[in-house]
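# Results of the structural survey
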Amino acid sequence: MRPLARLLPVALACSFAAMAAHAIELAKYPQVFVAPQGVEVVLAPTADGKQALVRVSGINDPIDQVVFLSTRESQGSAREVYTTRIDGRSYGLLHKQNHAYRGGDQYVVYLPGQRDGVSLAFSDDKSKAFKLADLQASYERQQKQGVQEKLGRFDRNKRLAGAQAELARLDQAASASCGTPVKTTVDWTGIDDEKLQTLSIPSFCGVVASEIDSACRNSPQFKPMAAGLGQIQCHFGPRLKIRVESQQVVFSTEKDAPNQEEFVRQFLRNQ
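All values reported here derive from a predicted model rather than from experimental measurement. Just so you know, the residues in each chain are numbered from 1, in the order the chain's sequence is written. Reporting in this predicted model follows two pLDDT cut-offs: at least 70 for local features of residues, and 80 or more for side-chain atom pairs to be given and counted; totals over whole chains, interfaces and linings ignore these cut-offs and use all residues. In computing side-chain values, all of the structure's heavy atoms are included and hydrogens and water are not.

## Points about the packing of helix H5 (residues 156-178) against helix H8 (residues 207-218)
Applied cut-off: To define axes, lines are fitted to C-alpha atoms, for helices over the stretch in contact only, and angles between the resulting N-to-C directions are given on a 0 to 180 degree scale. Helix and strand definitions follow DSSP, with helices as H or I runs of at least four residues and strands as E runs of at least two, each counted in order from the N terminus. Orientation labels follow simple angle bins: below 35 degrees gives roughly parallel, above 145 gives roughly antiparallel, 65 to 115 gives roughly perpendicular, and whatever is left gives oblique. The sense of a crossing depends on the near helix, which, turned anticlockwise from the far helix by less than a right angle, makes the crossing left-handed and, turned clockwise, makes it right-handed. Any two residues whose heavy atoms approach within 4.5 Å are treated as being in contact. Three categories are distinguished: nonpolar for Ala, Val, Leu, Ile, Met, Phe, Trp, Tyr, Cys and Pro, charged for Asp, Glu, Lys and Arg, and polar for the others, with Gly belonging to the last.
Look at H5 against H8: their axes get within 8 Å of each other, and the N-to-C directions meet at 25°. Between H5 and H8, the crossing angle belongs to the class labelled roughly parallel. Crossing angle aside, the handedness with which H5 passes H8 is left-handed. Judged by residue contacts, Leu170, Asp171, Ala173, Ala174, Ser177 and Cys178 of H5 engage Ala209, Ile212, Asp213, Cys216 and Arg217 from H8. Within the contact of H5 with H8, the residues separate by chemical class into seven nonpolar, one polar and three charged.

The structure is reproduced here in structure tokens:
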């Protein structure tokens, strides 16, 4: 049997070799972009250009300062998107658009929970001063802590809370416009994780409250009718359908149904 003292260096060497084999080889020059209100984005492509480490900082969001290993995806001849997994789905965090008529590339970061992207400006000084080793060390440390894995998991309760808050906002606006309580209740048990991840549920189930709000603001004579339409039940079904039942508006929506706003609007006109 060989002495333990001789086995340890061999074991350590194998361990370091395994780590090196899995280490990410980054290209030499990272890019640092800035935006108003202190937003900063670091883009560090891998040597083969297929992936990149991306870090967004200066934002009030759980992804702040987290280093993600993102995949570069081409979307047409002029657009590239760096995608990573956030909240259970592939998320296009950083977009690069080539504008030939503007004479260069434009980078836009899309922050979770915000519809519009934030335009970025390249910082030459910050890019030259940036230390790749620190970024890679942060990435590896966060990986060991499970930070990226946790952010990548779908959080149904968090998504539900966000959707419910947005529906409550639409209800409150309609209530204020109509001078009568408006409340939307959703059959959440009929909405699976895939729908909750891929669809904006308030855009579907909130359309009735939104159209009631619009009708009250644009037609004062509609306000007396709103009192009998303020309780809304919404669920997803096989087809678009709306009716009054037991003093409630029962609305069945469907993700591919077109012109839902006009459908609801026509229903309200006939009341």
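## Brief notes about the nonpolar core
Defined as follows: To qualify as a nonpolar core, a set must consist of buried Ala, Val, Leu, Ile, Met, Phe, Trp, Tyr and Cys residues joined through side-chain atoms within 4.5 Å. The classification of residues rests on relative accessible area computed with a 1.4 Å probe and restricted to protein chains. Under 20% of the type maximum is buried, over 50% is exposed, and intermediate values are partly exposed.
By size, the foremost hydrophobic cluster in this structure holds 34 residues, and its most contacted members are Trp188, Ile201, Val208, Ile212, Phe222 and Phe251. Looking at this core, the elements that each hand over two or more residues are H5, helix H7 (201-205), H8, strand S10 (231-236), strand S12 (248-253) and helix H10 (260-269). Not counting residues up to four positions away in its chain, the partners in contact with Val208 are Ile232, Ile242, Val249, Phe251 and Val264. Among the nonpolar cores identified, the runner-up in size contains 23 residues, and Phe33, Val56, Ile59 and Ile63 belong to it.

## Structural notes on the environment of Cys216
Mapped onto the elements, Cys216 comes out in helix H8. Given a relative accessible area of 2%, Cys216 falls into the buried group. For the pair formed by Cys216 and Ala133, sequence separation is 83 residues and the distance between their alpha carbons is 59 Å. Among residues more than four places away in sequence, those in contact with Cys216 are Ser177, Cys178, Phe222, Lys223 and Ala226.

## So, the packing of aromatic side chains
Counted only if it meets this: A pair of aromatic rings is counted whenever rings of Phe, Tyr or Trp (Trp by its six-membered ring) have centres within 6.5 Å, and the orientation is called stacked for planes under 30 degrees apart, edge-to-face for over 60 and tilted otherwise.
Scanning the entire structure with this criterion turns up three aromatic pairs. Relative to Tyr107, the ring of Phe33 has its centre 4.4 Å away and its plane inclined at 35°; by these criteria the two rings are tilted. Of the two residues, Phe33 sits in strand S1 (residues 31-35) while Tyr107 sits in strand S7 (residues 104-109), which places them 74 residues apart along the sequence. Of the two residues, Phe33 and Tyr107, both sit in the buried class. Aromatic rings pair up to connect Phe33, Tyr107 and Phe122 into one cluster.

## What about the pairing of strand S9 (residues 183-186)?
In regular strands, side chains alternate between the two faces of the sheet. To keep it simple, the criterion reads: At least two bridges found by DSSP between two strands is the condition for calling them paired.
Of the two faces of S9, the one holding Thr184 and Val186 is buried and the one holding Lys183 and Thr185 is not buried anywhere. Across four bridges, S9 lies against S10 in parallel orientation. Paired with Thr184 across the strands is Ile232, a residue of S10.

## Focus on the state of the cysteines
The cut-off we apply is this: A pair of sulfur atoms, both from cysteines and within 2.5 Å, is called a disulfide here.
Following the criterion strictly, the structure yields two disulfides and no others. Paired through a disulfide, Cys178 and Cys216 show a sulfur-sulfur distance of 2.0 Å. With the S-S dihedral at roughly 105°, the linkage between Cys178 and Cys216 falls on the right-handed side. Here Cys216 lies in helix H8 and Cys178 lies in helix H5, a separation of 38 residues in the sequence. In this pair, the class of Cys178 matches that of Cys216, namely buried. Here Cys205 engages in a disulfide with Cys234; their sulfurs sit 2.0 Å apart.

## Section: the pairing of strand S3 (residues 51-57)
In terms of residue burial, S3 counts as a mostly covered element, since six of its seven residues are buried. In this sheet, S3 lies alongside strand S2 (residues 39-45) in antiparallel orientation, the contact comprising six bridges. In the strand pairing of S3, Ala44 is matched with Leu53. Connecting S2 to the antiparallel partner S3 that follows it, the hairpin turn spans five residues, and Gly49 within it adopts a positive phi of roughly 75°. Of the strand pairs in this sheet, S3 and strand S4 (residues 67-74) are connected by five bridges, and their pairing is antiparallel. Considered in S4, the bridge of Gln51 is made with Thr71.

## Observations concerning the environment of Thr198
What counts, and what does not: Polar contacts, as used here, are pairs of N or O atoms within 3.5 Å; protein pairs need one atom able to donate a hydrogen and one able to accept it. Residues neighboring in sequence count only if both atoms are side-chain atoms.
Of note, Thr198 is situated in helix H6 (residues 193-198). Residue Thr198 is classed as exposed on the basis of its relative accessible area, which comes to 60%. Along the primary structure Thr198 and Arg89 are separated by 109 residues, whereas in three dimensions their C-alpha atoms are 8.4 Å apart. Within polar-contact distance, the side chain of Thr198 engages the backbone oxygen of Glu194 at 2.7 Å.

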